[in-house]
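What follows is each chain in one-letter form.
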Amino acid sequence: MSNSGETEPLLVTSRISAPRQPRASYAVCLSIFVVGCVGLTVAITWSYRESRLEPNPGPESTTSSSGIQETPGWMLGPVNVSSILLDTITLNVFSLMVWGSPGSFGTEDKELRMEAIGNYIGSHTEYDVFLLNDLWMRGDHEKIRSLIPEGYHMSGVGQLALRSCDGLAAPEFCSGLAIISKYPFKDIEFLSFTDHGDFFWDYEYFLRRGAGRVRIEPSPGHTVDVIVTALASIDYNYWYRESQAKDVVGMVTKSDADHVIVAGDFNVDPRDNENTYKTLKSELTDAVEEFYKNDSSKYLDPALSTFGNVKNTYSSKEQHPVVYDYIWYRASNGITVADFQVPILRTKREEISFSDHEAVTAKFQLSK
């Protein structure tokens, strides 16, 4: 054997290599790519410049057989839905005469009932506004305040009463009014009535009944004045009720809010022979009448009576059924009554009524 044979491999394997592209081909591809990009940029720039200088006339409008020129609907552009749909909101209102005089005045189970009323308010956030009257005593006011839903707002005793209001030992010179609202108060006002009762006749003189007003905005720029009141009690005080009703109407007519809602204990039935109800109706609409389409067989049904209701554990014993509690509103094209109720409310354990009066509730649809 020769030396050269010993150094050669026994198995010879050949390598297969991928063919290499000449460098010149890469240069050509790159040049074509650059030229294409430049051409595209020029074309886009030129088209944009032409569109700015020469507005597109678009398709021609047509004329209908009636002679009215018509434009294709798709040319009208985007539709502003808010300009077509009304800004409609719902406002749920609850009103109750809480029967809050001291026990020495003949009031029964007051502490128990006040806590029940406060708990009810705290757990019924479907209502946007609660209007309370006959809440004479500061302690009861604070009890209910401590139980209102989180985020709600409640008027203070001094905001809806005269500075001379006692409310600690007795209700002298107080109004007994309070408003609780889901919406902040934009404005608040108290109007003390012009006439308060005869000094020598009964206790009405020492009360300072009136009308309390707050302004709320359930939606931006949509204002509602909510008024709570209670007129003089006892049948023979009709002259004072008639005078007080005129004061309420005066507050309503001065309001520049989009809507006005008034609620409370008016101590007059629509069938009574006095002018109080007529005075109120001259500027306001009774929500229950409107809801039942002025059918007196329905809205004067004893089941809807608010004092002397047969289901009331207090006033049903001595009083025939009457309607004393109302929710009124100033009529306009932008307010309708969607619902009206006289709920029968009782404490859970003792099964006694919240008050000797029944509550009234109304659901309003408001638009502007």
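1. Overview of the overall build of the protein
- Looking only at helices and strands, one finds nine helices and 14 strands in the protein.
- Evaluated residue by residue, the protein yields a buried proportion of 45% over its 368 residues.
- Taking the contacts inside the protein whose residues are at least 6 apart along the sequence as the reference set, 70% of them involve residues at least 24 apart.
- A total of about 20,700 Å² of accessible surface is found on the protein, and carbon and sulfur atoms cover 55% of it.

2. Observations regarding empty space enclosed by the protein
- Counted according to the given criterion, the structure contains two cavities of 30 Å³ or more.
- Quantified by volume, the largest cavity comes out at close to 60 Å³.
- If you trace the largest cavity, you find it lined by L135, W136, H141, V157, L160, A161, C165, C174, S175, G176 and L177.
- For the lining of the largest cavity, the per-class residue count stands at eight nonpolar, three polar and no charged.
- In this model, the second largest cavity occupies a volume close to 50 Å³.
- The wall of the second largest cavity is formed by V288, Y299, L304, T306, V323, D325, Y326, F340, V342 and V360.
- The class makeup of the residues in the lining of the second largest cavity is eight nonpolar, one polar and one charged.

3. Focus on the packing of aromatic side chains
- Applying the stated criterion across every chain yields a total of 22 aromatic pairs.
- Aromatic side chains F199 and Y205 sit 5.2 Å apart centroid to centroid with 85° between the ring planes, which places their arrangement in the edge-to-face category.
- Using a relative accessible area of 28% as the deciding quantity, one classes Y205 as partly exposed.
- Relative to Y326, the ring of F266 lies with its centre 5.8 Å away and its plane at 75°, an arrangement referred to as edge-to-face. Note that F266 is positioned in the loop between β10 (259-265) and α7 (276-281) and Y326 in strand β12 (residues 325-329), a separation of 60 residues in sequence.
- Overall, Y326 belongs to the buried group, its relative accessible area being 1%.
- Linked through ring pairs, F105, F199, F200, Y203, Y205 and F206 together constitute an aromatic cluster.
- Stacked on the ring of Y205, the Lys or Arg R208 has its end atom at 5.1 Å from the ring centre.

4. Quick word on the state of the cysteines
- Taken as a whole, this structure holds one disulfide when the rule is applied.
- The partner cysteine of C165 in its disulfide is C174, sulfur to sulfur 2.0 Å. Negative torsions about the S-S bond denote left-handed disulfides, and the value of about 90° found for C165 with C174 makes this one right-handed. Grouping residues by exposure puts C165 and C174 together as buried.

5. Thoughts on the pattern of salt bridges
- Counted under the stated rule, the structure contains 14 salt bridges.
- One salt bridge connects R215 with D225, and the closest N-O pair in it is separated by 2.8 Å. Remark: D225 occurs in strand β9 (residues 222-230) and R215 occurs in strand β8 (residues 210-219); sequence separation between them is 10 residues.
- Here R215 falls in the buried class, since its relative accessible area comes to 18%.
- With relative accessibility at 1%, the residue D225 sits in the buried group.

6. Some words on the environment of E142
- Residue placement: E142 occurs in helix α5 (residues 138-145).
- Residues E142 and G118, spaced 24 residues apart in sequence, show a C-alpha to C-alpha distance of 9.9 Å.

7. A look at the environment of T253
- When you line up the elements, T253 lands in helix α6 (residues 238-254).
- Here the side chain of T253 touches G250 through a polar contact of 3.0 Å, landing on its backbone oxygen.

8. Considerations on the sheet that holds strand β3 (residues 89-97)
- The strand order β5-β6-β4-β3-β14-β13 describes an open sheet built from six strands, whose pairing is mixed. Two strands lie at the open edges of the sheet, namely β5 (153-154) and β13 (335-341), each paired on one side alone.
- Relative to strand β6 (residues 178-181), β5 runs antiparallel, the two being bridged by two bridges. Across the sheet, H153 pairs through a bridge with S181, a residue of β6.

9. What to know about the layout of surface pockets
- Roughly 790 Å³ of volume is contained in the largest pocket.
- For the largest pocket, the lining is made up of 30 residues, of which M97, W99, S233, F307 and D356 are closest to its centre.
- Considering only residue class, the lining of the largest pocket consists of 11 nonpolar, eight polar and 11 charged.
- Computed from the structure, the second largest pocket encloses a volume of approximately 260 Å³.
- Taken together, 13 residues make up the lining of the second largest pocket; nearest its centre are A116, N119, T347, K348 and F354.
- Taken together, the residues of the lining of the second largest pocket sort by class into four nonpolar, four polar and five charged.

Cut-offs applied
Residues numbered from 1 in each chain as written. Predicted model: local features only at pLDDT ≥ 70, side-chain atom pairs only at ≥ 80, totals over all residues. Heavy atoms only, no water. Helix = DSSP H or I, 4+ residues; strand = E, 2+ residues; numbered from the N terminus. Buried < 20%, exposed > 50% of the residue type's maximum accessible area, 1.4 Å probe, protein only. Contact = heavy atoms within 4.5 Å. Areas by Shrake-Rupley, 256 points an atom, 1.4 Å probe, with all protein chains shown as cover. 1 Å grid on protein atoms, 1.4 Å probe; cavity = no way out; pocket = protein on both sides within 12 Å on 5 of 7 lines; lining within 4 Å. Points joined across faces, edges and corners; volume = space filled by probe spheres on them. Nonpolar A, V, L, I, M, F, W, Y, C, P; charged D, E, K, R; others polar. Phe/Tyr/Trp six-rings, centres within 6.5 Å; stacked < 30°, edge-to-face > 60°. Lys NZ or Arg CZ within 6 Å of the ring centre and 35° of its normal. Disulfide = S-S within 2.5 Å. Salt bridge = Lys/Arg side-chain N within 4 Å of Asp/Glu carboxyl O. Polar contact = N/O pair within 3.5 Å; in protein donor to acceptor, adjacent residues only side chain to side chain. Pairing = 2+ DSSP bridges.

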